[in-house]
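Descriptive structure summary
Now for the letters of each chain:
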Amino acid sequence: MKFYHSGLFFLTALLLTCVQYMALAQRGGVNWTRDGYQYYHITGGQILMIDARDTSKKTVFVTKQDLTPAGHAPINVRRFTVSEDNKKVLINTNTKRVWRYDTRGDYWVYDSNTKKLWQLGKNLPSSSLMFAKFSPDGTKVAYVSGHNIYMEDLNDGSVKALTTDGTRTLINGTFDWAYEEEFDCRDGFRWSPDSKSIAYWQLDASKIKTYKMLNTTDSIYPFVVPVEYPVAGEDPSSCKVGVVDVSTGKTKWIDVPGDAVQHYIPAMEWAANSNEVVLEQLNRAQNESRIFIGNVSNGTTRVIREEHSNSWIDVKERVVGGDPVGWGWIEKGKSFVWLSEKDGWRHLYKVSREGKETLITKGNYDVISIDMVDEALGYVYFIASPDNATQKYLYKIKLSGGKAERVSPADQPGTHGYDISPNGKVALHYFNNSYTRPQSEVISLPEHKHVAGNMISVDNSVKNKPEFFKIKTVDGIEMDGWMMKPTNFDPTKKYPVLFTVYGEPAGQTVTDTWGTGRNGLYAGSMADDGYIYMSVEGRGAPAPKGAAWRKAIYKNIGIINIRDQAMAAKEIIKWPFVDSTRIAVHGWSGGGSSTLNLMFQYGDIYKTGIAVAAVGDQLTYDNIYQERYMGVPTDEAGRAAFIKGSPVTYAKNLKGNLLYIHGTGDDNVHYKNAEELINELVKYNRQFQLMSYPNRTHSISEGEGTNLHLKTLFTQYLNAKCPPGGR
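Report on the accompanying structure. Note that the coordinates shown come from a computational prediction; the quantities given were computed from them, not determined experimentally. (Residues numbered from 1 in each chain as written. Predicted model: local features only at pLDDT ≥ 70, side-chain atom pairs only at ≥ 80, totals over all residues. Heavy atoms only, no water.)

**Section: the packing of aromatic side chains**
Inspection of every chain in the model, using the stated rule, returns 29 aromatic pairs. Arranged with centres 5.7 Å apart and planes meeting at 65°, the rings of Tyr200 and Trp253 form a pair that is edge-to-face. On the criterion of sequence distance, the pair formed by Tyr200 in strand 17 (residues 197-204) and Trp253 in strand 21 (residues 251-253) is long-range, its members being 53 residues apart. Taking the centre distance of 6.5 Å and the plane angle of 70° together, the rings of Tyr229 and Tyr621 count as edge-to-face. With Tyr229 in the loop between strand 19 (223-228) and strand 20 (238-245) and Tyr621 in the loop between strand 43 (608-612) and helix 7 (623-630), the pair connects residues that are 392 residues apart, well separated along the chain. With a relative accessible area of 3%, Tyr229 lands in the buried category. (Phe/Tyr/Trp six-rings, centres within 6.5 Å; stacked < 30°, edge-to-face > 60°. Helix = DSSP H or I, 4+ residues; strand = E, 2+ residues; numbered from the N terminus. Buried < 20%, exposed > 50% of the residue type's maximum accessible area, 1.4 Å probe, protein only.)

**Some words on unusual backbone geometry**
Note: most peptide bonds trans; most residues except glycine with negative phi. With an omega of 10°, the peptide bond running from Leu445 to Pro446 counts as cis. Structurally, the position occupied by Pro446 is in the loop between strand 36 (436-444) and strand 37 (449-452). In this structure, Lys332 takes a positive phi of about 55° despite not being glycine. In this fold, Lys332 is placed in the loop between strand 26 (329-330) and strand 27 (335-340). Using a relative accessible area of 86% as the deciding quantity, one classes Lys332 as exposed. Although it is not a glycine, Ser589 adopts a positive phi angle of roughly 60°.

**Let's talk about the environment of Leu718**
Of note, Leu718 is situated in helix 10 (residues 706-721). Separated by 316 residues in the primary sequence, Leu718 and Gly402 have C-alpha atoms spaced 53 Å apart. In contact with Leu718, not counting residues within four places along its chain, are Leu498, Tyr522, Met526, Tyr531, Ala584, Ile610 and Pro723. (Contact = heavy atoms within 4.5 Å.)

**Quick look at the layout of surface pockets**
Space inside the second largest pocket adds up to approximately 870 Å³. Lining the second largest pocket are 35 residues, with Arg97, Val98, Trp99, Val225 and Pro226 positioned closest to its centre. Where the lining of the second largest pocket is concerned, the elements lending two or more residues are strand 8 (88-98), strand 9 (101-111), strand 11 (130-134), strand 12 (140-145), helix 2 (177-183), strand 18 (210-215) and strand 19. Here the element with the most residues in the lining of the second largest pocket is strand 19; it accounts for four residues. Its residues placed into classes, the lining of the second largest pocket shows 14 nonpolar, 11 polar and 10 charged. (1 Å grid on protein atoms, 1.4 Å probe; cavity = no way out; pocket = protein on both sides within 12 Å on 5 of 7 lines; lining within 4 Å. Points joined across faces, edges and corners; volume = space filled by probe spheres on them. Nonpolar A, V, L, I, M, F, W, Y, C, P; charged D, E, K, R; others polar.)

The values are spatial; any link to function lies outside them.
Laid out in structure tokens, this is it:
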């Protein structure tokens with residue numbers, strides 16, 4: 001599957017558990033009832049209410065007939081939310097993709113009291129509404145259309161434009177390409193608790209240079225697709241936060257100090273009341289963070305927290321429960337829970353409104369993410385894995401601190417995920433590992449007892465399963481790895497190895513998850529055909545091994561991560577069953593970049609490479625991602641690190657077999673990267689094979705027959721250049 005991360009994503013094996021989580025994320029997560037014992041679920045075109053304690057108890061909340069407009073077919077429900085009073089349902093349908101996700105569509109409201117169903121924004125263009133939300137009092141809905149924010153009264157149906165200056169480049173209530181891709185910022189407005197105001201982001205992308213992609217397949221005459229895309233070294237969009245009074249339509253701007261162009265605001269929420277907002281500001285280099293509380297009445301701000309880093313500050317895992325709408329306020333708004341790596345490990349802190357910090361978690365381990373703050377019982381639930389960086393478990397710790405307790409069962413080694421109900425007493429529990437298919441059940445908390453659904457069962461019957469190992473390089477770096485051996489493995493023979501690689505801070509490849517050891521790009525079974533399939537993971541990967549491990553790659557993408565891979569491979573080819581003459585490597589996006597660098601810098605090790613959608617020149621990629629990890633290239637010295645780590649710098653060294661694949665419609669890693677690479681290889685007469693997929697995006701998934709063609713191409717090339725089987 002295509003595993004998307006903010007920034008560069010990579011294609012690993014078919015990680016079905018990730019499919020589940022992405023499906024939940026795109027639907028807005030689990031829709032729990034207010035009491036936290038039931039949840040809503042779409043089945044057969046109707047919305048059911050299911051009792052988590054006994055999933056056989058299902059109540060029809062909204063029927064298919066209720067969701068059928070007069071004279072029309074039933075609404076195809078893509079996602080939905082329920083109002084606070086449990087009386088109205090907001091339904092999203094007819095959705096269209098905005099770059100990665102289908103966040104644009106139509107919205108309908110169903111009132112269970114009056115049995116009335118009606119469409120919102122009927123006078124606005126079809127499928128143009130985004131992020132519609134009920135006001136807390138349930139009387140209004142706000143949404144974005146055409147980069148303006150609108151409010152619709154649910155009593156009289158009147159619609160009011162709360163902003164009117166929105167254009168293609170002046171963006172209200174949502175974000176530009178780079179913010180969406182690199183900060184996961186999409187929904188850009190928040191209702192105040194009293195339903196009287198809306199706080200929102202405004203981005204001005206008018207000075208961002210336009211990347212012109214050429215669509216050559218959808219009409220007789222090619223046409224240009226413009227994308228505001230700031231590459232590394234170019235200024236980002238100007239960003240500010242305003243609060244609009246829904247009765248007057250007047251906006252008051254929050255006075256955030258500094259140059260609005262040379263900073264980012266990746267997070268903003270109401271500060272547990274209706275007259276203050278809280279936001280995080282990052283400087284352009286993303287190594288300084290400041291948290292402000294802004295007064296809505298007069299627009300003034302005060303800083304309550306500052307943090308500095310010698311590399312970058314990671315803002316990606318701070319949100320509670322993975323929900324980007326939320327701040328983790330506790331103690332009736334006096335404090336909030338925060339994640340920081342400032343002591344070298346990602347730990348939980350309690351931060352007061354005055355900026356006083358109290359460390360909650362202590363020790364040499366990372367909090368991977370916050371799942372829930374159960375203030376009633378005084379606990380924080382979080383995901384961590386102190387002893388095995390390839391796995392994930394649920395832990396809990398008192399808000400006052402102390403020793404963390406593992407909640408996930410000891411007899412279920414692997415990867416655990418949870419969706420905890422609002423009352424903190426039940427949760428949907430997801431489990432899988434490299435040899436156990438994804439499973440789910442309902443459990444009670446804090447004791448983690450099975451409540452409903454099929455009980456989780458670890459599958460110990462699998463015979464040929466991935467083997468996890470550790471390898472130490474000549475540099476003293478110990479790396480995690482896995483390998484899938486051939487089905488009828490004979491230790492007296494030597495086998496070819498295919499490494500799968502990513503190698504950048506956006507994702508791990510060595511995880512104890514279902515799909516590990518399987519290659520979704522290979523047509524058939526690599527194990528049956530006689531390949532060893534393998535991955536090793538070095539410094540820079542976002543594994544829970546401490547900040548020093550993750551951030552060793554700072555200003556060294558294309559250097560340190562590549563050396564770690566190569567030095568691990570150098571040890572592996574010493575194994576008696578590995579054929580050093582048949583060593584191949586493949587990767588997608590950041591993994592494609594790593595594949596190219598490995599082929600070009602360590603051609604004595606890697607004989608065959610298949611690189612897909614690679615960043616060949618780091619100076620072509622977007623500023624938020626590339627500058628976060630490589631610094632801001634404002635002068636020649638700054639640009640030098642980018643050039644040093646770019647595959648095009650070393651293309652002249654190609655010795656082995658290279659297959660390069662790219663979609664010409666890639667809005668993420670533009671096809672320009674392929675053409676720069678081609679030019680360098682041609683310049684030095686380095687022969688290679690190229691496959692360009694016309695008008696396909698970064699996922700290369702569009703178009704009839706594309707997936708099969710890509711798998712066939714990958715498999716045939718690997719079989720021809722790195723023949724399978726033991727010798």
